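Chain residues, written in single-letter form:
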Amino acid sequence: MGGKAGTAVTRTKQARAIWKGELELDGEVVGLKLYSAVENQRVHFRLLHEKDLAPVHQLMEEEGDGDAEVLEVAETRRAFPLDDGNLVLLSREELASVVPEKSRRIELVALVPREELVHLWYDRPYFLGPDGDDDAYVSLVTALMHTKRVALVRWAMRNKRYVGAVLPEEGRLVLCTLRHADEIVAMPRVEPSRKAAPTRKEMQLAEQLVDVLVGDFDPTLYQDEYRNRVLEYVEARARGEIVLFEPPEEKELPGNSLEASLEASLGKGAAHARPS
Amino acid sequence: MPDRRDQKFQAPGRPFWSGTISFGLVSIPVELVTARRKTRTSLRMVAPGGTRLARKFYCSAEEKPLSPDELIRGYELPTGEIVPVSDDELEALAPEKTRDIDLTRFVPREQVSPMYFEQSYYLIPGRGGSKAYHLLAEVMERTGRVGIATFVLREKEHLVAIIAENGVLSAETMRFAGELRRPEAMGIPDATSSTARARAKANAKLVKRFEAALQAKATSTLPLDELADEDARRLRELATAKARRGEDVVEGDAITLDDEEGGKVIDLMQILKQRLGPGAVVKPATRDRTKTRAAN
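Residues numbered from 1 in each chain as written. Chains lettered and ligands numbered in written order. Predicted model: local features only at pLDDT ≥ 70, side-chain atom pairs only at ≥ 80, totals over all residues. Heavy atoms only, no water.

## Some details on helix 2 (residues 130–143) of chain B
All names here are of chain B.
Alright, step 1. Between its terminal C-alpha atoms helix 2 stretches 20 Å, which fits the 20 Å expected from 14 residues at 1.5 Å a residue.
Alright, step 2. Listing the buried residues of helix 2 in full gives Ala132, Tyr133, His134, Leu135, Leu136, Ala137, Val139 and Met140.
Alright, step 3. Looking one or two residues beyond helix 2, the residue adopting positive phi is Gly144, at roughly 65°. (Helix = DSSP H or I, 4+ residues; strand = E, 2+ residues; numbered from the N terminus. Expected span 1.5 Å × (residues − 1). Buried < 20%, exposed > 50% of the residue type's maximum accessible area, 1.4 Å probe, protein only.)

Structural data, given as structure tokens:
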């Protein structure tokens, strides 16, 4: 609670494990350390009182007549909203009764083909590293690489149940938590209409155009421009500079037939659409 | 792919964004549909008696409550200095409001690690875009490629992967390279290094045992039962059992604070819509509470 927000300081966090687990395979217990793989770099703002630029706290008050009483988080209660609109109050003991038992066990649930886990399933990435036994770790990664599949695992951490996918990447184990099945939306219907089927010429042209733009995935090419602009702006303001905003560039929009656009793209495209 | 016919998956909703995918001079009208939607019921935070809580802002200097329009955002620099930033300034800094998904490169599918994926959307063809949409989807699928693009959504510029699967295009927003840590930073050994390979060879028996143990659990399809939200189920069971016994039930008062909302400003209309369910029409508040109930 409260105005807790990050700052511009790039905290080079000590890459410490956030959890330790144990995966048992054929009687061997492999100790594994879990590390977060995400470095949050989003722009954070603090809430301030406009008049004096003093930081602002958020407090909770009980609604009612008369003086509102401020409550600490510890004094608040949790309630489950029922479908009929009523609430059921739940005590801390009751809530504790439904959380998973504390355990270090990482349970292997299934070994699935990689194609079975379409991109929709993936949530947050973590790394799994050795916990004192590098040989066991390297053997595990090698074994998983040999299967050419993805291991589905289950574990309990921070009072929650998790399911994740373990995949080898660049010789290490990545553990990606997965979404729950009820969060996934089914594919929408996009059946092609027969009269709008592409001609062979259009298909060939499209293939050529895609070919022109083929390249390798280089994530370092892309930057969070918005974040950069905000940082530059506040730093300039701090220096007392006056910042002028330029009107945005007008982007050209194409409007020709598909075939004409494809052909024109190949003519012009080959020159300026080269992978940058 | 999440099949429409499978009861476990939600039905697609209506498109919430429309624009175009552009590559070269080709421009394909498309619309975005949410591909993932949290359905877990969040616990609410209430006062000890079950009554509503209100979130109030207090000035730390004057220790008095503030109204939302007395607030401004501020950015804290490394020096500790705070630079106030108004909504107008942020809007001026926000990316240009185009409705274009600018596709600049097609890369092999296997080069894009799932570590990058953040939020998923389905793309459906907009008016007049059906032929080009299917053309693009087919070519991408056949050549095993995904499109890397940028686009602006809700005032943020996103890096996005356009993925074709079974004739349907999806957009997966991606984390930037700087947002992902490198495993070297944690000192995790690389099993493909020459020293590691040598060690794996020395431990060939162990590798084989691990491989066999993994293969023993091989399945050809994803076990969806394993991906159910067990925590949510148990919580709901606990609450509904208490409700049946008439224990600790408090009359709902339409609006309560979501436990997980943290410091976000509460969008009342949003909460009302959630509580009243899909398809409900939210009318301006009336004094008559029975009207609100009838809509439940």
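## Let's talk about the sheet that holds strand 11 (residues 156–165) of chain B
All names here are of chain B.
Alright, step 1. A barrel is described by the order of its strands in space; here 7 strands give the closed sequence 1-2-9-12-11-10-8, paired in mixed fashion. For this sheet the average axis-to-axis angle between neighbouring strands, irrespective of direction, equals 40°.
Alright, step 2. The sheet contact formed by strand 11 and strand 12 (residues 168–174) spans 7 bridges and is antiparallel. Paired with Ile163 across the bridge in strand 12 is Ser170. (Pairing = 2+ DSSP bridges. Axes fitted to C-alpha atoms, helices over the stretch in contact; angles between N-to-C directions.)

## So, the nonpolar core
Alright, step 1. Judged by nonpolar contacts, the single largest core of 121 residues is most densely connected at Leu117(A), Trp121(A), Ile101(B), Leu123(B) and Leu169(B).
Alright, step 2. Formed by 14 residues, the second largest nonpolar core is a distinct cluster that contains Val234(A), Leu77(B), Val85(B) and Ala94(B). (Core = buried A, V, L, I, M, F, W, Y, C linked by side-chain atoms within 4.5 Å.)

## Observations concerning the interface of chain B and chain A
Alright, step 1. Across the contact, 171 residues belong to chain B and 167 residues belong to chain A.
Alright, step 2. Both faces considered, chain B and chain A share a buried interface measuring about 16,700 Å² in area, 63% of it formed by carbon and sulfur atoms.
Alright, step 3. Taken together, the links from chain B to chain A amount to 16 salt bridges.
Alright, step 4. Ionic pairing is found between Glu207(A) and Arg142(B), a salt bridge with its closest N-O pair at 2.5 Å.
Alright, step 5. When its residues are assigned to classes, the side of chain B that touches chain A shows 85 nonpolar, 33 polar and 53 charged.
Alright, step 6. Two strands pair when backbone bridges link them, and strand 3 (residues 46–49) of chain A and strand 6 (residues 71–76) of chain B are joined in this way by 4 bridges, in the antiparallel orientation. Following the sheet pairing, Leu48(A) is matched in strand 6 of chain B by Ile72(B). (Contact = heavy atoms within 4.5 Å. Buried area = accessible area lost by both parts, 1.4 Å probe. Salt bridge = Lys/Arg side-chain N within 4 Å of Asp/Glu carboxyl O. Nonpolar A, V, L, I, M, F, W, Y, C, P; charged D, E, K, R; others polar.)

## Details of the confidence of the model for chain B
Residue and element names in this part refer to chain B.
Alright, step 1. Mean pLDDT over chain B: 84, with 83% of residues reaching 70 or higher.
Alright, step 2. Taken together, the stretch residues 261–267 has pLDDT below 50 and engages in 6 contacts with residues farther than four places along the chain or on a different chain.
Alright, step 3. Here residues 282–296 is modelled with pLDDT under 50, and outside its nearest four sequence neighbours on either side it reaches 16 contacts, counting other chains as well.
Alright, step 4. With pTM at 0.82, the complex prediction returns an ipTM value of 0.81. (pLDDT = per-residue confidence, 0-100.)

## Points about the pattern of salt bridges
Alright, step 1. Taken as a whole and assessed by the stated rule, the structure comprises 31 salt bridges over all chains.
Alright, step 2. Close ionic contact of Lys131(B) with Glu202(A) constitutes a salt bridge, the shortest N to O distance being 3.3 Å. Of this pair, Lys131(B) sits in helix 2 while Glu202(A) sits in helix 3 (residues 200–212), on two different chains.
Alright, step 3. By relative accessible area, Glu202(A) is classed as buried at 5%.
Alright, step 4. Measuring nitrogen to oxygen at the nearest pair gives 2.6 Å for the salt bridge that ties Arg245(B) to Glu247(B).
Alright, step 5. Take Glu247(B): its relative accessible area is 30%, and that puts it in the partly exposed class.
Alright, step 6. The network of salt bridges with common partners includes Arg105(A), Glu107(A), Arg154(A) and Glu226(B).

## Things to note about the packing of aromatic side chains
Alright, step 1. A complete count under the given rule lists 7 aromatic pairs over all chains for this structure.
Alright, step 2. With centroids separated by 5.3 Å and ring planes inclined at 15°, the aromatic side chains of Trp155(A) and Tyr162(A) adopt a geometry described as stacked. Of the two residues examined, Trp155(A) and Tyr162(A), each falls in the buried class.
Alright, step 3. When the ring of Phe23(B) is compared with that of Phe106(B), the centres are 5.9 Å apart and the planes differ by 90°; the resulting orientation is edge-to-face. Placement of the pair is Phe23(B) in strand 1 (residues 17–23) and Phe106(B) in strand 8 (residues 100–108), with a sequence separation of 83 residues. Side by side, Phe23(B) and Phe106(B) carry an identical accessibility label, which is buried.
Alright, step 4. We note Arg73(B) situated over the ring of Phe45(A); from NZ or CZ to the ring centre the distance is 5.8 Å. (Phe/Tyr/Trp six-rings, centres within 6.5 Å; stacked < 30°, edge-to-face > 60°. Lys NZ or Arg CZ within 6 Å of the ring centre and 35° of its normal.)

## Section: the pairing of strand 12 of chain B
All names here are of chain B.
Alright, step 1. With 7 of its 7 residues buried, strand 12 lies for the most part within the structure.
Alright, step 2. Of the two faces of strand 12, the one lined by Val168, Ser170, Glu172 and Met174 and the one lined by Leu169, Ala171 and Thr173 are each fully buried.
Alright, step 3. Sheet topology places strand 9 (residues 117–125) next to strand 12; 5 bridges connect them, and they run antiparallel. Opposite Ser120, over in strand 12, you have Glu172 as the bridge partner.
Alright, step 4. In this antiparallel pair of consecutive strands, strand 11 and strand 12, the connection spans 2 residues, and Asn166 shows a positive phi of 50°.

## Points about empty space enclosed by the protein
Alright, step 1. Scanning the entire structure with this criterion turns up 2 cavities of 30 Å³ or more.
Alright, step 2. Looking at the largest cavity, its volume works out to about 90 Å³.
Alright, step 3. Contributing to the lining of the largest cavity are Leu23(A), Leu32(A), Ile106(A), Leu108(A), Leu128(A), Leu140(A), Leu144(A), Ala151(A), Val153(A), Val166(A), Leu173(A) and Leu214(B).
Alright, step 4. For the lining of the largest cavity, the elements supplying multiple residues, two or more each, are strand 8 (105–112), helix 2 (134–147) and strand 10 (150–157) of chain A.
Alright, step 5. Grouping the constituent residues of the lining of the largest cavity by class yields 12 nonpolar, no polar and no charged. (1 Å grid on protein atoms, 1.4 Å probe; cavity = no way out; pocket = protein on both sides within 12 Å on 5 of 7 lines; lining within 4 Å. Points joined across faces, edges and corners; volume = space filled by probe spheres on them.)

## Comments concerning the packing of helix 2 of chain A against helix 4 (residues 204–215) of chain B
A pair of packed helices is captured by two measures, namely the crossing angle of their axes and the spacing between those axes.
Alright, step 1. Close contact between helix 2 of chain A and helix 4 of chain B brings their axes to 8 Å; oriented N to C, the two are set at 50°. Put simply, helix 2 of chain A runs oblique to helix 4 of chain B. The handedness of the crossing between helix 2 of chain A and helix 4 of chain B is right-handed. In this structure, helix 2 of chain A uses Ala136(A), Ser139(A), Leu140(A), Thr142(A), Ala143(A), Leu144(A), His146(A) and Thr147(A) to contact helix 4 of chain B, whose residues at the interface are Leu206(B), Val207(B), Phe210(B), Glu211(B), Leu214(B) and Gln215(B).
Alright, step 2. Classifying every residue of the contact of helix 2 of chain A with helix 4 of chain B by side-chain character gives 8 nonpolar, 5 polar and 1 charged. (Parallel < 35°, antiparallel > 145°, perpendicular 65-115°, else oblique. Left-handed = near helix turned anticlockwise from the far one by under 90°.)

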